[in-house]
Each structure stands twice: as C-alpha cells, then as structure tokens.
Amino acid sequence: MSEINIRSANERDLARCFEIESVSYAGSEAATKEKILKRILTYPEGFLVIENNKEVIGFINSGAAHNVELSNEEFKDLVGHDSSGENIVIMSLVVHPKYQGKGMANKLLSSFISSMSELGKKRIYLICQDELVGMYSKCGFIHQGKSDSTHGGLSWHEMFLTL
C-alpha cells in the first residue's frame, strides 16, 4: 500500500468524508454532510483523516464533554460539546470499504488515542455494533454493556478507554 498520512480534517475533506460515511453506514445511521461539516469546524482537533498518496481513505470524529451520556442523540449535533471537557465521545470511525481489512482503522484509532492523551483528555467513549466490540477491546476499550441508544434503529454497545 502507498504511504499513509494521518492529519486533522479541513473543509476540503468534506465531500470525501461524506462519501465514505454514506457508503459505509446504512440509512439514518450515516451522518449528514451538514453534521460532518459542523464537526470539522467545531472540533478540528477531534477530527482526523487517514489518507494515502491519492485520497482520504477514512476518518474519525468526536466531541468533548465534562459529562457523557452515550444515548444522547443531540450530542451528534455537538449539543453539549465543550472542547475543554476531559471526556471524548467518538461519533464515527470509518474506513472506505475498499481499504477495510488492512489495519487502517487501528492506525487511525491509535493516532487518535495519542492525540487525545496529548490534549490531556481522561477518557474516550464510544458506542459500536456487536461485530466491533472485539476490535475495540483489543485496542484497550472496556465493554460497559448494551446501550440505551437506538441510533439508526439499531442496537449498540457502550465502551470506554481510560487514558
């Protein structure tokens, strides 16, 4: 595979990030272009992209908060986001299907964890589907159990990582 680079997202990445989100998530589970742009502009330090020498191939985005309620759907619109919050909530970690299975999500997540640690954050939270609990567990996340979230009409699991 070509050279890999991980960097903060910017507005020029919006179309590609929306494309990746749209092909990777089903229906209402995917974020709108407007939500993605708001996340890029509002909390750029919590929005990283991974790219090869041709294109962006995946991204991770998040918000910060002092108190975390993972089933709070409004937080996906960054309602309650406070960049000084010691807790991070991952909203999306996604790699284009063409590049999945090549360790890109792990590289991106590892870089993200390092960045959040350098910012002095204390914990990272996320919700994920059944099939991803194992992947996140291997990265050090602790499974808290089923979530009350019904985002996208699906069932979710809550996980966290102490930094």
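Summary of the structure given here. Source: prediction; values computed, not measured.

1. Details of unusual backbone geometry
Positive phi values are uncommon outside glycine, yet Leu78 reaches one of about 65°. Take Leu78: it is sitting in the loop between β3 (56–65) and β4 (87–95).

2. A closer look at the pairing of strand β7 (residues 157–162)
Taking burial as the measure, the six residues of β7 include five buried ones, the bulk of the element. Note that strand β5 (residues 123–128) and β7 share six bridges and pair antiparallel. Its bridge partner being in β7, Cys128 is matched across the sheet by His157. Examined bridge by bridge, strand β6 (residues 142–146) and β7 share four bridges and lie antiparallel to one another. Bridge pairing links His143 to Met159 in β7.

3. Points about the layout of surface pockets
Considered as a void within the structure, the largest pocket measures approximately 730 Å³ in volume. In terms of lining, the largest pocket is formed by 36 residues, of which the most central are Tyr25, Leu93, Val94, Leu132 and Tyr136. Of all the elements in the fold, those that place two or more residues in the lining of the largest pocket are α1 (14–24), α2 (33–42), β4, α3 (104–118), β5 and α4 (133–138). With six residues, the single largest contributor to the lining of the largest pocket is β4. Residue classes in the lining of the largest pocket are distributed as 19 nonpolar, 10 polar and seven charged. Computed from the structure, the second largest pocket encloses a volume of approximately 190 Å³. Within the residue set of the lining of the second largest pocket, elements represented by two or more residues are β4 and β5. Looking at the lining of the second largest pocket residue by residue, the classes come out as 10 nonpolar, three polar and three charged.

4. What about the sheet that holds β3?
Reading across from one edge, β1-β2-β3-β4-β5-β7-β6 is the order of the seven strands in this open sheet, with mixed pairing throughout. Looking at the sheet topology across the chains shown, the edges are occupied by β1 (5–8) and β6. The average angle at which neighbouring strand axes cross in this sheet is 25°, direction not considered. Sitting on the sheet, α1 touches β2 (47–51), β3 and β4, and the angle it makes with β3 is about 90°.

5. What to know about α1
Within the sequence span of α1, burial applies to Leu14, Arg16, Cys17, Ile20 and Glu21. Here the buried face of α1 lies against α2, β2, β3 and β4.

6. Observations concerning the nonpolar core
Side chains of a nonpolar character, in soluble globular proteins, are inclined to be buried together. Core analysis: the largest hydrophobic core is formed by 25 residues, its most contacted members being Ile60, Ile90, Leu109, Phe112, Ile124, Tyr136 and Phe141. Listing elements by their share of this core, those giving two or more residues are β2, β3, β4, α3, β5, α4 and β7. Take this core: its biggest share by element is six residues, from α3. Formed by 12 residues, the second largest nonpolar core is a distinct cluster that contains Ala9, Ala31, Val49 and Val94.

Rules and cut-offs
- Residues numbered from 1 in each chain as written.
- Predicted model: local features only at pLDDT ≥ 70, side-chain atom pairs only at ≥ 80, totals over all residues.
- Heavy atoms only, no water.
- Helix = DSSP H or I, 4+ residues; strand = E, 2+ residues; numbered from the N terminus.
- Buried < 20%, exposed > 50% of the residue type's maximum accessible area, 1.4 Å probe, protein only.
- Pairing = 2+ DSSP bridges.
- 1 Å grid on protein atoms, 1.4 Å probe; cavity = no way out; pocket = protein on both sides within 12 Å on 5 of 7 lines; lining within 4 Å.
- Points joined across faces, edges and corners; volume = space filled by probe spheres on them.
- Nonpolar A, V, L, I, M, F, W, Y, C, P; charged D, E, K, R; others polar.
- Axes fitted to C-alpha atoms, helices over the stretch in contact; angles between N-to-C directions.
- Contact = heavy atoms within 4.5 Å.
- Core = buried A, V, L, I, M, F, W, Y, C linked by side-chain atoms within 4.5 Å.

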